[in-house]
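Listed below are the residues making up each chain.
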Amino acid sequence: MPHFLSAEDFSPRSVYALFRLAGELRARQEPPKLLSGRSVALLFGEPSTRTRLSFSLAATRLGAEVLTLDERLTSRAKGETLADTLEVLALLGVDVAVVRTSEDVIRPPALSPSVVSAGSGTGEHPTQALLDAWTLYEAFGRLEGLRLLVLGDLRHSRVFGSHARLLPRLGVRITAAAPRAWLGREEDLPGVAERVALEDVSLEDLLASADAVLVLRPQWERHAHSADAPASPTPASYLERYGLTKARARALRPESRILHPGPVTWGVEIDPSLREDPRILVRRQVENGLYVRMAVLVAAGGNFEPCGGGAVAGEGNADVEALGGDLPPSFEPPVREEGNRAFSSPFHR
Ligand code: ASP
């Protein structure tokens, strides 16, 4: 069974295959029960609204048996490790485990359901990056050559951890900007084209040259544990110093777009008056999350066979090209990879 733990588990071609499947699922009133006979466990050890609900709805609509576990009410609260918990799920016949954890890296044991990360500590949030990529792709009709400004708490954001591992491989040029205390280390995410401290640059200039800006929430809940806490900005002064104010948003071109993975703390990282700005895609991101997570769950535990044989996934490395089938021209990935196999879509068997 494939695991989806990092944005690196998605090849560029599989990303476009997932976009296509997500689009097909969205177009259907009644999604086909592609997970019928499968069980999906949701194991959440940190708060979540969008991710948890969308995974839960996605699994239900695809016909899976859904088990919702509050980590505090499992033996995790007695000190059982995540790996041991996953083994228990596998022994009980669970096919897919959707995991949110405070640990930065998820390491499934040898005997494990297929694990889909729903966010791991300050490490990664791969399905968020995937749904943001789809939202950008829909808005611009391409990803190749897009200039994305990521603005906010880079150092503690798992969302950024996945964007930096996914989007550059799809041709997106990322400029990452943060208060100096939250810049993080360049060598950790080498795919990022440019990383700048907001104290050193004009945010207006950065906004003026971006096709899209992805604003990140300051991860206040993680700062207490962080060595740089004393130098951190405070909520009261954040918007004026570093955030997307109404005045700064004027520097963004009318055709540019604003994204945020949510939850938005209006008045801290974004001015509340921008809630209804025509350039903001926050609601679309939430909607898209459902279909992207449906597609990922199908890939993780779906009832489909790759044509021509061969494994669906290698070692922890998701190969979901099975979903691609014959991609229509608009879904042809601009990045060609060697050794792609032809697979059939679950819709076209
Ligand atoms: N919802 C995202 C996450 O879980 C972003 C955030 O909380 O700021 O990482």
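See the structure shown above.
Keep in mind that what you see is a predicted model, and the values were worked out from it rather than measured.

Asker: Any chance you could explain the packing of aromatic side chains here in plain terms?
Answerer: Aromatic ring pairs are reported here in terms of the distance separating the ring centres and the angle at which the planes meet. On inspection of all chains with the given rule, the structure shows eight aromatic pairs. Geometrically, the ring pair formed by Phe-19 and Tyr-137 is tilted, given 5.6 Å between the ring centres and 35° between the ring planes. One end of the pair, Phe-19, is in helix H1 (residues 12-27); the other, Tyr-137, is in helix H4 (residues 126-140), and 118 residues separate them in sequence. You can call Phe-19 buried: its relative accessible area is 1%. Assessed through its relative accessible area of 11%, Tyr-137 is described here as buried. Relative to Tyr-238, the ring of Trp-220 lies with its centre 6.3 Å away and its plane at 85°, an arrangement referred to as edge-to-face. Here Tyr-238 lies in helix H8 (residues 235-242) and Trp-220 lies in helix H7 (residues 220-223), a separation of 18 residues in the sequence. For Trp-220, a relative accessible area of 27% translates into the label partly exposed. Since its relative accessible area comes to 1%, Tyr-238 is described here as buried.

Asker: When you look at H1 in this model, what are you seeing that I'm missing?
Answerer: Every α-helix winds through 3.6 residues per turn, so residues three or four apart in the chain are directed the same way. Taking 1.5 Å of rise per residue, 16 residues should cover 22 Å, and H1 covers 23 Å from first to last C-alpha, within 8% of that figure. Extensive coverage of H1 is indicated by the burial of 14 of its 16 residues.

Asker: Got a minute to help me understand the environment of Val-282 in this structure?
Answerer: By the secondary structure assignment, Val-282 is in helix H10 (residues 282-301). Judged by relative accessible area, Val-282 falls into the buried class, the value being 15%. The sequence separation of Val-282 and Val-264 amounts to 18 residues, and the corresponding C-alpha distance is 8.9 Å. Those residues in contact with Val-282 that sit more than four places away from it in its chain are Ile-258, His-260 and Val-264.

Asker: What's the story with the site of the ligand in this structure? I'm lost.
Answerer: The immediate surroundings of the ligand are formed by Arg-100, His-125, Arg-158, Val-159, Arg-217, Gln-219, Gly-262 and Pro-263. One of the side-chain nitrogen or oxygen atoms of Gln-219 is found 2.8 Å away from an oxygen atom of the ligand. For the ligand, the protein covers 90% of the area, taking 260 Å² as the surface of the free molecule. Grouping the constituent residues of the shell around the ligand by class yields two nonpolar, three polar and three charged.

Asker: Help me understand the sheet that holds strand S6 (residues 173-178), please; the structure alone is not making it clear to me.
Answerer: Adjacent strands of a sheet form backbone hydrogen bonds with each other and so pair up, either parallel or antiparallel. The sheet built from five strands is open, its strands ordered S7-S6-S5-S8-S9 with parallel pairing. One side of each edge strand has no neighbouring strand; the edge strands of this open sheet are strand S7 (194-197) and strand S9 (257-259). Going from strand to strand, the sheet's axes swing by 20° on average, the running direction of each strand aside.

Asker: How should I be thinking about the environment of Ala-83 in this particular structure?
Answerer: Secondary-structure assignment places Ala-83 in helix H3 (residues 82-91). Distance in space between the C-alpha atoms of Ala-83 and Pro-109 is 5.4 Å, their sequence separation being 26 residues.

Calculation notes
Think of each chain on its own: its residues are numbered from 1, step by step along the sequence as written. Selection of residues for local features in this predicted model requires a pLDDT of at least 70, selection of side-chain atom pairs for listing and counting requires 80 or more, and totals for whole chains, interfaces and linings are taken over all residues. The side-chain quantities take in all heavy atoms of the structure and omit both hydrogens and water. Here the aromatic set is Phe, Tyr and Trp, taking the six-membered ring for Trp, and pairing holds for ring centres within 6.5 Å; pairs whose planes are under 30 degrees apart are stacked, those over 60 apart are edge-to-face, and all others are tilted. The secondary structure listing takes helices from DSSP runs of H or I that are at least 4 residues long and strands from runs of E that are at least 2 residues long, numbered from the N terminus. Residue exposure (1.4 Å probe, protein chains only): buried if accessible area is under 20% of the type maximum, exposed if over 50%, otherwise partly exposed. Expected span of a helix, by definition, is 1.5 Å for each gap between consecutive residues, and there is one gap fewer than residues. Residue contacts are defined here by distance: any two heavy atoms, one from each residue, within 4.5 Å place the two residues in contact. Being near a molecule or strand, for a residue, means having at least one of its heavy atoms within 4 Å of it. A 3.5 Å cut-off defines polar contacts: any pair of N or O atoms within that distance qualifies, except that in protein one atom must be a possible hydrogen donor and the other a possible acceptor, and neighbouring residues in sequence count only when both atoms are side-chain atoms. With residues, only the protein chains shown are counted as cover, and all accessible areas are computed by Shrake-Rupley using a 1.4 Å probe. In the scheme used here, Gly and all other residues not listed as nonpolar or charged are polar, with Ala, Val, Leu, Ile, Met, Phe, Trp, Tyr, Cys and Pro taken as nonpolar and Asp, Glu, Lys and Arg as charged. Pairs of strands are assigned from DSSP output, requiring at least two bridges between the strands. A fitted line through C-alpha atoms represents every axis, and for helices the fit uses only the stretch in contact; the resulting angles, taken between N-to-C directions, go from 0 to 180 degrees.

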